[in-house]
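# Chain and residue survey
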Amino acid sequence: MPDTTNETDQWGMYAPRGLDKLLFLTRKIGLSLGPVKNIIARAWLARHPDTPADITYQGARFRLHPGDNVTDAKMLFGSRGRDRIELEVLRKYVENGGVFVDIGANIGYYSLMAAVFGASRI
């Protein structure tokens with residue numbers, strides 16, 4: 001089934017609801033590890049193979065496409081925090097108005113985190 005999302009779709013339109021919200025909550029409370037994560041991912045993707053998910057992750061808003069992008073799937077389905085050490089270093093350098101340069105290799109995760117941490121320019 002083709003992706004029917006539109007660039008102008010309002011953020012939050014694809015927020016987890018119903019059973020999907022329950023699946024998402026298992027990640028938030030730390031239960032989505034190993035085999036449990038795989039079960040949750042399969043259940044979600046069986047229901048929504050081409051639909052994005054709008055979530056807030058570590059203070060930044062993301063529209064994730066877990067069926068198309070490994071990083072998105074890890075963020076949506078996994079309970080482990082992503083890149084804890086890298087984020088600590090990033091926060092240290094940008095929290096008082098630092099500058100962050102992103103080369104555009106994926107979804108802009110570090111750019112959004114730099115914005116959350118207070119970078120003056122990205």
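Preceding block: the structure.
Residues numbered from 1 in each chain as written. Predicted model: local features only at pLDDT ≥ 70, side-chain atom pairs only at ≥ 80, totals over all residues. Heavy atoms only, no water.

## Describing the packing of helix α1 (residues 19-28) against helix α2 (residues 34-47)
If you want to describe how two helices pack, look at the angle between their axes and the distance between the axes. One way to put it is that α1 packs onto α2 with a least axis distance of 10 Å and a crossing angle of 155°. Between α1 and α2, the interaxial angle falls into the category roughly antiparallel. When the axes of α1 and α2 are compared, the crossing they make is left-handed. On the side of α1, the interface is formed by Leu 19, Asp 20, Leu 23, Phe 24 and Thr 26, while α2 contributes Ile 40, Ala 43, Trp 44 and Arg 47. Split into classes, the residues belonging to the contact of α1 with α2 amount to six nonpolar, one polar and two charged. (Axes fitted to C-alpha atoms, helices over the stretch in contact; angles between N-to-C directions. Helix = DSSP H or I, 4+ residues; strand = E, 2+ residues; numbered from the N terminus. Parallel < 35°, antiparallel > 145°, perpendicular 65-115°, else oblique. Left-handed = near helix turned anticlockwise from the far one by under 90°. Contact = heavy atoms within 4.5 Å. Nonpolar A, V, L, I, M, F, W, Y, C, P; charged D, E, K, R; others polar.)

## Some thoughts on the pairing of strand β2 (residues 60-64)
Here β2 shows a clear split, with Ala 60, Phe 62 and Leu 64 buried on one side and none of Arg 61 and Arg 63 buried on the other. Note that strand β1 (residues 53-57) and β2 share five bridges and pair antiparallel. By the bridge assignment, Asp 54 is partnered in β2 with Arg 63. Adjacent in sequence and paired antiparallel, β1 and β2 are bridged by two residues, among which Gln 58 carries a positive phi angle near 55°. (Buried < 20%, exposed > 50% of the residue type's maximum accessible area, 1.4 Å probe, protein only. Pairing = 2+ DSSP bridges.)

## Points about the pattern of salt bridges
The full count for this structure, using the stated rule, is two salt bridges. Here Asp 20 and Arg 47 are joined by a salt bridge, their closest N and O atoms 3.1 Å apart. Of this pair, Asp 20 sits in helix α1 while Arg 47 sits in helix α2; the two residues are 27 residues apart in sequence, bridging distant segments of the chain. On the accessibility criterion, Asp 20 (7% relative accessible area) is buried. One salt bridge in this structure joins Arg 63 and Asp 54, with 2.7 Å as the shortest N-O distance. Since its relative accessible area comes to 3%, Asp 54 is described here as buried. (Salt bridge = Lys/Arg side-chain N within 4 Å of Asp/Glu carboxyl O.)

## Let's talk about the side chain of Ser 32
Here Ser 32 shows up in the loop between α1 and α2. For Ser 32, a relative accessible area of 0% puts it in the buried group. Residues contacting Ser 32, with those up to four places away along its chain left out, are Thr 26, Arg 27, Lys 37, Ile 40, Phe 77, Gly 78 and Ser 79.

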